[in-house]
Amino acid sequence: MRQETKCIQAGYVPGNGEPRMIPIIQSTTFKYDTSEDMGKLFDLEAPGYFYTRLQNPTNDMVAAKIAALEGGSAAMLTSSGQAASFFSVFNLAGAGDHVISSASIYGGTYNLFNVTMRRMGIEFTFVDPDCSDEELEAAFRPNTKAVFGETIANPALTVFDIERFANAAHAHGVPLIVDNTFATPINCRPIEWGADIVTHSTTKYMDGHDTGVGGCIVDSGKFDWMAHADKFPGLTTPDESYHGITYAEKFGLEGAYITKATAQLMRDLGSIQAPMNAFFLNLGLESLAVRMQRHCENAQKVAEYLESHEKIAWVQYPGLPSNKYYELARKYMPNGTCGVISFGVKGGRAAAEEFMKHLKVGIIATHVADAHTCVLHPASSTHRQLSDEELVAAGVGPDLVRFSVGIENVDDILEDLAQALACV
Ligand SMILES: *Cc1c(COP(=O)(O)O)cnc(C)c1O
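Caption draft 1: The nonpolar core, seen in detail. Val89, Leu176 and Trp225 are the most contacted members of the largest nonpolar core, which has 95 residues in total. Looking at which domains feed residues into this core, each of domain 1 (10-282) and domain 2 (290-421) gives three or more. Grouped together as the second largest cluster of nonpolar side chains are 26 residues, Val315, Phe403, Leu417 and Leu421 included.

Put into structure tokens, the structure is as follows:
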């Protein structure tokens, strides 16, 4: 099946007389005839469900669709993108371990790594995604367990050189984890470029309609844990909390990583997506391919319009030939990047605020990447505690406007921009 077909059909094949839509299995628990039947589930001897804190059939069908879209071997849904980022790393690294991350990542992920996971004893080195090979090489340590980056970074819109980082990670015997939220598997499939694990905030384009917060982790099934057994004892030695199962032995390349994340992390932390939210996510996925195409067409026109506008100081969009990441974007995302653009209005902070006040189609919201055009001025909202100097240092200048182009008629969006800019 091609991507457009997978959006509709992958993950669930109804049997004779069964519902066409992935049904919502709104049940915390599941019934068994004998204790032995249930015991086999707890021993991971037989597949099946026993408690929705760990696994739910609705979630698994939707996760299987995302796995098919990404070309992975297994996947799990999480309660949020944050939970997906956390699980993806914590499934491999613990206290005393080290992880390399691109410095150009979502602010929430940066905090998770730099503050909360550091408190758990995991060290992080942040590298510029455009760093030299020597700088990247120098970041690796004997206890490095993974490398992390974002296909198109939110909100910096830098493009991550997946192949280059995958080669570096593999040369050191560790996997590459890629947050593919902004590109989605419609525009980029990181596994084809060497990524081993792919994460998503499904809250964004996948859900696409502002309905449910959620996340997903996809395993490529390609990383050979046993070949680097000393680095990943959690996967390659017996788990005493699960009757001495060795995940990499019992579930092989294709199943070990997600089974461990389910059996240990979901069991202990319970960051599961509600089946109802998984149902809404599936509705969003059905139209993902057509929506992404429209998002990219609209954003391209908006970016070109802004670039030629006399009141605009600068525009950052990887689909513009003038953009620093244009060539990299064409390599990894030949059909389009995403619908998010950042730009500066001449006149700085005051001009940005004035401009936004007059938008009618574009609504002011902290959200990005969904059907509705929305706009955010980080300097007066998410980053308002920072001084102008600190804002510049954080790469989010006082004039920066983050504009998430929706799938409305693009002429309405362009006219809205024109009238709002005329007020500045
Ligand atoms: C929003 C976002 C996250 C966090 O996801 P939530 O669903 O809000 O927890 C992670 N990565 C990227 C790229 C995001 O845009």
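Caption draft 2: Summary view of the site of the ligand. Near the ligand, the surroundings consist of 14 residues, among which Asn154, Asp179, Ser201, Thr203 and Lys204 are the closest. With respect to the ligand, the backbone of Gln82 contributes an N or O atom lying 2.9 Å from an oxygen atom. Asp179 places a polar side-chain atom, nitrogen or oxygen, 2.7 Å from a nitrogen atom of the ligand. For the ligand, whose unbound accessible area comes to 380 Å², protein coverage reaches 92%.

Caption draft 3: Seen up close, the packing of aromatic side chains. Within this structure, the stated rule accounts for 18 aromatic pairs. Here Phe124 and Phe126 contribute two aromatic rings whose centre-to-centre distance is 6.2 Å and whose plane-to-plane angle is 20°, an arrangement assigned as stacked. Measuring from ring centre to ring centre gives 4.5 Å for Phe160 and Phe165, while their planes differ by 35°; the resulting arrangement is tilted. For the residue pair Phe160 and Phe165, the accessibility class agrees, reading buried in each case. Its guanidinium or amino end placed over the ring of Tyr106, Lys204 lies 5.1 Å from that ring's centre, counting from NZ or CZ.

Caption draft 4: Here's a closer look at the sheet that holds strand S6 (residues 197-201). Taken together, 7 strands build an open sheet; the order of strands is S1-S7-S6-S5-S4-S2-S3 and the sheet is mixed. Two strands bound the open sheet, and with one partner strand each, they are strand S1 (74-78) and strand S3 (123-127). Across the sheet, the mean angle separating the axes of adjacent strands is 20° when strand polarity is ignored. One ladder, built from 5 bridges, connects S6 with strand S7 (residues 215-219); its direction is antiparallel. Looking at the pairing, Val198 lines up with Val218 of S7. Against the sheet, helix H3 (residues 57-70) contacts S1, S6 and S7, and its axis sits at roughly 125° relative to S1. The strands touched by helix H5 (residues 107-119) are strand S2 (98-102), S3 and strand S4 (144-150); relative to S3, the strand with the most contacts, the crossing angle is about 150°.

Caption draft 5: Summary view of the pattern of salt bridges. The tally for this structure, following the rule as stated, stands at 11 salt bridges. The closest approach of N and O atoms between Lys145 and Asp97, which form a salt bridge, is 2.9 Å. In this pair, Lys145 sits in strand S4 while Asp97 sits in the loop between helix H4 (81-90) and S2, placing the two residues 48 residues apart along the sequence. On the accessibility criterion, Lys145 (9% relative accessible area) is buried.

Here is what the cut-offs are and how they apply
Residues numbered from 1 in each chain as written. Predicted model: local features only at pLDDT ≥ 70, side-chain atom pairs only at ≥ 80, totals over all residues. Heavy atoms only, no water. Core = buried A, V, L, I, M, F, W, Y, C linked by side-chain atoms within 4.5 Å. Buried < 20%, exposed > 50% of the residue type's maximum accessible area, 1.4 Å probe, protein only. Domains from an automatic or database assignment. Near = heavy atom within 4 Å. Polar contact = N/O pair within 3.5 Å; in protein donor to acceptor, adjacent residues only side chain to side chain. Areas by Shrake-Rupley, 256 points an atom, 1.4 Å probe, with all protein chains shown as cover. Phe/Tyr/Trp six-rings, centres within 6.5 Å; stacked < 30°, edge-to-face > 60°. Lys NZ or Arg CZ within 6 Å of the ring centre and 35° of its normal. Pairing = 2+ DSSP bridges. Helix = DSSP H or I, 4+ residues; strand = E, 2+ residues; numbered from the N terminus. Axes fitted to C-alpha atoms, helices over the stretch in contact; angles between N-to-C directions. Contact = heavy atoms within 4.5 Å. Salt bridge = Lys/Arg side-chain N within 4 Å of Asp/Glu carboxyl O.

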